[in-house]
Amino acid sequence: MKTLIIYSSKHHMNTEKVAIAIGAELAAEVRKLADVREKDLESFDLVGFGSGIKGFDVHKELAGLVNGLAARHGQRAFVFTTCASNKDWTAKFRSLLAGKGFTVAGEFHCPGLWTPFIFKLRNGHPDATDIKSARAFAKSLLQ
């Protein structure tokens, strides 16, 4: 299965770490959001969208890419995020994907380091256990 992973990772590059792990498991092409154009998605069977959570949502640039896409007619997709919270903030983004015609095959949420003010919350994440979970999630997409 030909797979493309598109990710937006800022600040501590937590999402990039997860994108690389999932990409390795799926033998996927992994690209930063800035390196992707709509036509790039055409030749892939499965597209992964990854983002950190900021302001209780995926990065607006990633949502902007999806908003600008033509109808996907059942192309498979998955979502992965990193966030300091344990809450799933991707419902709106998954609805956007479904509205564009993607079939959302799964989602993965990972803790990420967050540094509000002078504090470090979830220091060390994503850690080896998180990466192992990301790889297991990737394997589940192949079934």
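Residues numbered from 1 in each chain as written. Predicted model: local features only at pLDDT ≥ 70, side-chain atom pairs only at ≥ 80, totals over all residues. Heavy atoms only, no water.

**Brief notes about the packing of helix α2 (residues 60–67) against helix α3 (residues 91–99)**
Viewed as axis vectors pointing N to C, α2 and α3 meet at an angle of 15 degrees, and their least axial separation amounts to 10 Å. By the criterion of interaxial angle, the relationship of α2 to α3 is roughly parallel. Both α2 and α3 take part in a crossing whose hand is left-handed. Between α2, through L62, A63, V66 and N67, and α3, the contact on the second element is made entirely by F93, L96 and L97. Considering only residue class, the contact of α2 with α3 consists of six nonpolar, one polar and no charged. (Axes fitted to C-alpha atoms, helices over the stretch in contact; angles between N-to-C directions. Helix = DSSP H or I, 4+ residues; strand = E, 2+ residues; numbered from the N terminus. Parallel < 35°, antiparallel > 145°, perpendicular 65-115°, else oblique. Left-handed = near helix turned anticlockwise from the far one by under 90°. Contact = heavy atoms within 4.5 Å. Nonpolar A, V, L, I, M, F, W, Y, C, P; charged D, E, K, R; others polar.)

**Remarks on the pairing of strand β5 (residues 76–83)**
Within β5, seven of the eight residues are buried, which leaves it mostly tucked inside the rest of the structure. The pairing of strand β3 (residues 46–54) with β5 spans seven bridges and is parallel. Residue pairing across strands places G52 opposite T82, the latter belonging to β5. Sheet analysis places β5 next to strand β6 (residues 103–111), joined by eight bridges and oriented parallel. Residue pairing for β6: A77 is matched across the bridge by V104. Running through α3, the crossover from β5 to the neighbouring parallel element β6 is right-handed. (Buried < 20%, exposed > 50% of the residue type's maximum accessible area, 1.4 Å probe, protein only. Pairing = 2+ DSSP bridges. Right-handed = clockwise from strand over helix to strand, strands pointing away.)

**Focus: the environment of F56**
If you trace the backbone, F56 turns up in the loop between β3 and β4 (57–58). Overall, F56 belongs to the exposed group, its relative accessible area being 60%. Linking F56 and T90, residues 34 residues apart in sequence, is a C-alpha distance of 8.5 Å.

**Some remarks on the packing of aromatic side chains**
All told, the structure shown has five aromatic pairs when counted by the stated rule. Here the aromatic rings of F49 and F93 are separated by 5.9 Å at their centres, their planes lie at 75 degrees, and the arrangement is edge-to-face. In this pair, F49 sits in strand β3 while F93 sits in helix α3, placing the two residues 44 residues apart along the sequence. Classification of F93 by relative accessible area gives buried; the value is 2%. In this arrangement the basic side chain of K2 is found over the ring face of F44, its NZ or CZ atom lying 4.9 Å from the centre. (Phe/Tyr/Trp six-rings, centres within 6.5 Å; stacked < 30°, edge-to-face > 60°. Lys NZ or Arg CZ within 6 Å of the ring centre and 35° of its normal.)

**A look at the confidence of the model for the protein**
In this model, the protein carries a mean pLDDT of 89, and residues with pLDDT of at least 70 account for 92%. When mean pLDDT is compared element by element in the protein, strand β2 (residues 29–32) scores highest at 98, while β4 scores lowest at 80. (pLDDT = per-residue confidence, 0-100.)

**Some thoughts on the nonpolar core**
Counting 22 residues, the largest nonpolar core has I6, L41, F49, F93, L97 and F102 as its most contacted members. If you list the elements that add at least two residues to this core, you get β1 (3–8), β3, α2, β5 and α3. Considering every element that reaches this core, the biggest residue donor is α2, with four residues. Apart from the residues lying within four places of it in its own chain, the contact partners of I6 are R31, L33, V36, L41, V47, G48, F49, G50, L62 and L65. (Core = buried A, V, L, I, M, F, W, Y, C linked by side-chain atoms within 4.5 Å.)

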